[in-house]
Amino acid sequence: MPVEGARPFGFQEHFADGRPAQDITRALAEEAPVAIEINGLGYAVMMATPTDLHDYALGFCLSEQLIASAGEFLSADAALVEAGGWMLRVQLAASGAGPLLERARLRLAEGSCGLCGIESLEQVMRPLSPVTAKLEVESAALFRAVDALGDQQVLGRETRAAHAAALCAPDGTILLVREDVGRHNAFDKLLGAAARAGLDQAEHFVLLTARCSFELVQKAVIAGVPLLATVSAASTLAVEQAAAHGLRLVSLARRDSLLES
């Protein structure tokens, strides 16, 4: 069965030990431009894996703070267009029109980094409401989630080229997973899926197969996630911003060790 979000391509495989090259077929993760149109306005073009686009649309709007809750998200319609990309048409309630108009000036972005429409350093470092939720998560639960994640990375196992974002219960049980070629996109898809499922992020933690950057910390803080864990290292600004906003941050979360800042 083909894996959604992957397509087969032909390659010639070469070997260091001098064996003759051979023709093989390998699945690659899909990457396509996704044009996001919100309330009739072109908002951004993202490079993403065109799966779970309804989840992506909702999570993107929440991360961009265009809406305060999923109740303000009315609809999303995704269609493949002749140019080879996707058009994602989103309709928000009227309450989202103000932030939308303010930030629709920048129409093109390279990734769902949470900084779309930002034009100054002051806007990048905008104050965010701190995370108030507290969640008791023991190290054993984090190791349990890390151990279990590989089995749930369907696209990642098939292509070795996709990030995953997982919503986890305090005991380390993985409840939801979303994947994408972009780590920010995977996180947005997860936030949208959690909102659609009625799962409160304040009662769960998030595990990402990515390095922890400033933008991912911003997304977690905006979503009210009490604990963010990433399998790769964090940047300086990510650690500083997590501490400043009450986000418990774990990085280099591996099967045998992890770092908590």
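Refer to the structure printed above.
Everything quoted here is computed from the prediction, not taken from an experiment. (Residues numbered from 1 in each chain as written. Predicted model: local features only at pLDDT ≥ 70, side-chain atom pairs only at ≥ 80, totals over all residues. Heavy atoms only, no water.)

Engineer: Summarise the overall build of the chain; cite the residues concerned and give the values.
Structural biologist: When its secondary structure is counted, the chain shows 8 helices and 12 strands. Taking the contacts inside the chain whose residues are at least 6 apart along the sequence as the reference set, 52% of them involve residues at least 24 apart. For the chain, the accessible surface area stands at approximately 12,500 Å², while carbon and sulfur atoms represent 53% of it. (Helix = DSSP H or I, 4+ residues; strand = E, 2+ residues; numbered from the N terminus. Contact = heavy atoms within 4.5 Å. Areas by Shrake-Rupley, 256 points an atom, 1.4 Å probe, with all protein chains shown as cover.)

Engineer: Provide a residue-level description of the sheet that holds strand S11 (residues 248–251), including the pertinent values.
Structural biologist: A sheet is described by the order of its strands in space; here 6 strands give the open sequence S8-S7-S9-S10-S11-S12, paired in mixed fashion. Only two strands of the sheet have a single partner each, and these edge strands are strand S8 (174–180) and strand S12 (259–260). In terms of strand pairing, strand S7 (residues 163–168) meets strand S9 (residues 205–208) through 4 bridges, oriented antiparallel. Bridge assignment links Cys168 to a residue of S9, and that residue is Phe205. Strands S7, S8, S9, strand S10 (227–230) and S11 of the sheet are contacted by helix H4 (residues 139–152), whose axis makes an angle of about 50 degrees with S8. (Pairing = 2+ DSSP bridges. Axes fitted to C-alpha atoms, helices over the stretch in contact; angles between N-to-C directions.)

Engineer: An account of the nonpolar core is requested, with residue identities and associated values reported.
Structural biologist: Counting residues in each nonpolar core, the largest one holds 25 residues, and the members touching the most others are Phe187, Val206, Leu208, Val217, Leu228 and Leu247. Those elements that provide at least two residues to this core are S7, helix H6 (183–196), S9, helix H7 (214–223) and helix H8 (236–244). In terms of residue count, the dominant contributor to this core is H6 (6 residues). With residues up to four places along the chain from it excluded, the contact list for Phe187 reads Ala165, Val206, Leu208, Leu216, Lys219, Ala220 and Leu228. Counting 21 residues, the second-largest nonpolar core is a separate cluster that includes Ile38, Ala48, Tyr56 and Cys61. (Core = buried A, V, L, I, M, F, W, Y, C linked by side-chain atoms within 4.5 Å. Buried < 20%, exposed > 50% of the residue type's maximum accessible area, 1.4 Å probe, protein only.)

Engineer: Just give me the short version of the packing of aromatic side chains, but keep the residues and values in it.
Structural biologist: Under the definition given, this model contains 2 aromatic pairs. Geometrically, the ring pair formed by Tyr43 and Phe60 is edge-to-face, given 5.8 Å between the ring centres and 85 degrees between the ring planes. On the criterion of sequence distance, the pair formed by Tyr43 in strand S4 (residues 41–48) and Phe60 in helix H1 (residues 53–63) is long-range, its members being 17 residues apart. Each member of the pair, Tyr43 as well as Phe60, is classed as buried. Looking at Arg19, its charged tip hangs above the ring of Phe15, at a distance of 3.8 Å from the centre. (Phe/Tyr/Trp six-rings, centres within 6.5 Å; stacked < 30°, edge-to-face > 60°. Lys NZ or Arg CZ within 6 Å of the ring centre and 35° of its normal.)

Engineer: So, the environment of Ala68: which residues are in play, and what are the values?
Structural biologist: Assignment of secondary structure puts Ala68 in the loop between H1 and strand S5 (73–80). With a relative accessible area of 73%, Ala68 lands in the exposed category. Each C-alpha atom, one on Ala68 and one on Ile222, is 9.6 Å from the other, the two residues being 154 residues apart in sequence.

Engineer: Let's hear about the side chain of Arg178: which residues, and what values?
Structural biologist: Tracing the sequence through the fold places Arg178 in strand S8. Side chain to side chain, Arg178 and Asp55 meet in a polar contact 2.9 Å long. Once residues lying within four places of it in the same chain are set aside, the contact partners of Arg178 are Asp52, Asp55, His163, Ala164, Ala165, Ala186, Lys189, Leu190 and Ala193. (Polar contact = N/O pair within 3.5 Å; in protein donor to acceptor, adjacent residues only side chain to side chain.)

Engineer: I'd like a rundown of the environment of Arg178, residues and numbers included.
Structural biologist: You can call Arg178 buried: its relative accessible area is 17%. Sequence spacing of Arg178 and Thr51 is 127 residues, and the spatial spacing of their C-alpha atoms is 9.1 Å.

Engineer: Break down the pairing of S10 for me, with residues and values.
Structural biologist: Covered by surrounding structure in S10 are Leu227 and Ala229 together with Leu228 and Thr230, the residues of both alternating faces. Here S9 runs beside S10; their pairing, made up of 3 bridges, is parallel. Bridged to Leu207 within S10 is Ala229. For the handedness criterion, the β-α-β arrangement of S9, H7 and S10 is classed as right-handed. Following the chain from S10 across H8 to the adjacent parallel S11, one finds a crossover that is right-handed. (Right-handed = clockwise from strand over helix to strand, strands pointing away.)

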